[in-house]
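# Chain and residue survey
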Amino acid sequence: MAARSSRSTDETQPEQPPMQAVRPQQYSGGEGWELGQVAPEDRYRQIDDDGAFVGEAKSSASGGGRWVQVVTKGSPITPDVLRGLAPAEESEGGDA
């Protein structure tokens with residue numbers, strides 16, 4: 001029977017790189033409509049039959065037409081939210 005050695009050597013085991021902490025996404029903490037801030041209220045946007053935004057973002061989805069919620073109170077302002085809050089571009093000959 002061959003005898004086994006219970007000791008391990010540093011030469012046979014690869015060195016493990018140190019664990020690195022991954023920071024979660026952090027936001028600026030302020031409330032407002034700037035990138036990274038927290039939305040102070042809900043915002044809705046009216047859309048046309050093609051799904052394009054019409055008019056300005058409003059705090060309620062009142063009135064006729066179809067509305068989508070762009071951001072919820074307390075949610076972070078992301079680049080997509082900023083695009084949803086931006087005024088609609090007027091198309092040629094359109095009544096925006």
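Residues numbered from 1 in each chain as written. Predicted model: local features only at pLDDT ≥ 70, side-chain atom pairs only at ≥ 80, totals over all residues. Heavy atoms only, no water.

## Here's the deal with the overall build of the chain
The number of helices and strands found in the chain is one helix and three strands. Listing each helix as α and each strand as β along the chain from the N terminus yields β-β-β-α. For the chain, the residues scored as buried account for 16% of the 96 residues in total. (Helix = DSSP H or I, 4+ residues; strand = E, 2+ residues; numbered from the N terminus. Buried < 20%, exposed > 50% of the residue type's maximum accessible area, 1.4 Å probe, protein only.)

## A look at the nonpolar core
Counting residues in each nonpolar core, the largest one holds seven residues, listed as Ala 39, Ala 57, Val 70, Val 71, Ile 77, Val 81 and Leu 85. Setting aside its immediate chain neighbours within four residues, Leu 85 contacts Trp 33, Arg 43, Arg 45, Ala 57 and Val 70. (Core = buried A, V, L, I, M, F, W, Y, C linked by side-chain atoms within 4.5 Å. Contact = heavy atoms within 4.5 Å.)

## Here's the deal with the sheet that holds strand 1 (residues 43-47)
One open sheet holds the three strands; their spatial order is 2-1-3, and the pairing between them is antiparallel. The outermost strands of the open sheet, each flanked by one partner alone, are strand 2 (53-58) and strand 3 (66-71). Within the sheet, the average angular offset between the axes of one strand and its neighbour, ignoring direction, is 25°. Sheet topology note: the strand 1/strand 2 ladder contains three bridges and is antiparallel. Note on strand 2: the bridge partner recorded for Ile 47 is Phe 53. (Pairing = 2+ DSSP bridges. Axes fitted to C-alpha atoms, helices over the stretch in contact; angles between N-to-C directions.)

## Here we look at the pattern of salt bridges
Using the criterion set out here, one finds two salt bridges in the structure. Residues Arg 83 and Asp 80 are paired through a salt bridge, measuring 2.1 Å at the closest nitrogen-oxygen approach. Of this pair, Arg 83 and Asp 80 are both found in helix 1 (residues 79-85), three residues apart, which corresponds to roughly one turn of the helix. Judged by relative accessible area, Arg 83 falls into the exposed class, the value being 53%. Overall, Asp 80 belongs to the exposed group, its relative accessible area being 53%. (Salt bridge = Lys/Arg side-chain N within 4 Å of Asp/Glu carboxyl O.)

## What about the side chain of Gln 37?
Along the chain, Gln 37 turns up in the segment before strand 1. In this structure the side chain of Gln 37 is engaged in a polar contact, spanning 3.5 Å, whose partner is the backbone nitrogen of Trp 33. (Polar contact = N/O pair within 3.5 Å; in protein donor to acceptor, adjacent residues only side chain to side chain.)

## Here's the deal with the environment of Ile 47
By the element assignment, Ile 47 lies in strand 1. When the C-alpha positions of Ile 47 and Gly 65 are compared, they lie 7.5 Å apart, and in sequence the two are 18 residues distant. For Ile 47, the residues in contact, after removing those within four places along its chain, are Ala 52, Phe 53, Val 54, Arg 66 and Val 68.

## Quick look at the confidence of the model for the chain
Detailed reading of predicted coordinates is not advised where the pLDDT is low. Per-residue confidence for the chain gives a mean pLDDT of 78, with 62% of residues at or over 70. In the predicted structure, residues 91-96 sits below a pLDDT of 50 and forms one contact with residues beyond four places in sequence or in another chain. (pLDDT = per-residue confidence, 0-100.)

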